[in-house]
Each structure stands twice: as C-alpha cells, then as structure tokens.
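# Architecture and fold: a report
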Amino acid sequence: FKQQLAQLTRTHARAVAVRGKGLLLGLELDGNAGPFVGRMMKKGFIINAIQDKVLRFAPPLIIEKEQIDQLIEALDRLLGE
C-alpha cells in the first residue's frame, strides 16, 4: 500500500509525500485535501483529511490487496484531473 502511494507521488505533482507506518498512512498533497474526501466517498472509499493537506487512510486489517488496488486506481484518476 505504501509503495503504491509513493508511486503516486512520482507520477502526480499534487501528491507530495507519503507518511505513516503499516496500514495507517497519509498522502500529503500540495493543496487542500478536503475535496478529495467527498469525491472518494462517492466512489465507495472512506478516507479523511487531516492538517488540511493530508489524506489519511486507516483500512481494516482484513483489507484485501484487490481493495487497495481499487483505491489506488480511483485516487490516481482523481489526482490526474
């Protein structure tokens, strides 16, 4: 999960850095992260924004790789808009 988020920082200028350990991770953006929360919720993903610029991910421990891949794909599309 962390590696996939790090890949987003290399492909999207809006994604600045990845923070955290294990599954509790954050993706720092170059601007307000708030709008991403609602847009991701419409796609079925529950995330939140902290410190105005960080998207926080706290998935359950039973999350499957396929679900992480779906989240990364949706986030990749939003960052590319």
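As a starting point, this report considers the structure included with it. Each chain has its residues counted from 1, running along the sequence as written. At least 70 in pLDDT is required for a residue's local features to be given in this predicted model, at least 80 for side-chain atom pairs to be given and counted, and no such filter applies to totals for whole chains, interfaces and linings, which use all residues. The side-chain quantities take in all heavy atoms of the structure and omit both hydrogens and water.

### Looking at the environment of Gln 51
The line we're drawing: Secondary structure elements follow DSSP: runs of H or I of four or more residues count as helices, runs of E of two or more count as strands, with numbering from the N terminus. In protein, a polar contact means a hydrogen-donor-capable atom and an acceptor-capable atom, both N or O and within 3.5 Å, with residues adjacent in sequence counting only if both atoms are side-chain atoms; elsewhere, any N or O pair within 3.5 Å suffices.
The topology assignment puts Gln 51 in the loop between strand E3 (48–50) and strand E4 (54–57). Here the alpha-carbon distance between Gln 51 and Gly 34, two residues 17 residues apart in the chain, equals 9.8 Å. In this structure the side chain of Gln 51 is engaged in a polar contact, spanning 3.0 Å, whose partner is the side chain of Arg 19.

### Considerations on the nonpolar core
Nonpolar side chains tend to gather and get buried jointly when the protein is soluble and globular. Just so we agree on the cut-off: Take the buried Ala, Val, Leu, Ile, Met, Phe, Trp, Tyr and Cys residues and link them wherever side-chain atoms come within 4.5 Å; each set so joined is a nonpolar core. The rule is simple: take the accessible area with a 1.4 Å probe, protein chains only, and divide by the maximum for that residue type; under 20% is buried, over 50% is exposed, in between is partly exposed. Residue contacts are counted whenever heavy atoms from the two residues lie within 4.5 Å of one another.
Counting residues in each nonpolar core, the largest one holds 22 residues, and the members touching the most others are Leu 5, Leu 27, Leu 55, Phe 57 and Leu 75. Contributing elements (two or more residues each) for this core: helix H1 (2–11), strand E2 (24–29), helix H2 (34–42), E4 and helix H3 (65–80). Broken down by element, this core gets its largest block of residues, 7 residues, from H3. If we ignore the near neighbours within four places in the chain, the residues touching Leu 27 are Leu 5, Thr 9, Ala 15, Ala 17, Val 18, Lys 53, Val 54, Leu 55, Phe 57, Leu 75 and Leu 79.

### Comments concerning H2
Short version of the rule: Arc, as used here, means the arc of the directions from the helix axis to the C-beta atoms.
Phe 36, Val 37 and Met 40 are the residues of H2 that are buried. Projected down its long axis, H2 shows its buried positions confined to an angular sector of 105 degrees, all on one face. Those residues of H2 that are buried lie in contact with E2, E3, E4 and H3. Positioned one or two residues after H2, Gly 44 has a phi angle of 100 degrees, which is positive.

### Section: the pattern of salt bridges
The criterion, for reference: Each salt bridge in this description consists of a side-chain nitrogen of Lys or Arg and a carboxyl oxygen of Asp or Glu lying within 4 Å of one another.
The full count for this structure, using the stated rule, is 4 salt bridges. In this structure, the salt-bridge partner of Glu 81 is Arg 39, at a minimum N-O distance of 2.1 Å. Highlighted residues: Glu 81 in the segment after H3 and Arg 39 in helix H2, separated in sequence by 42 residues.

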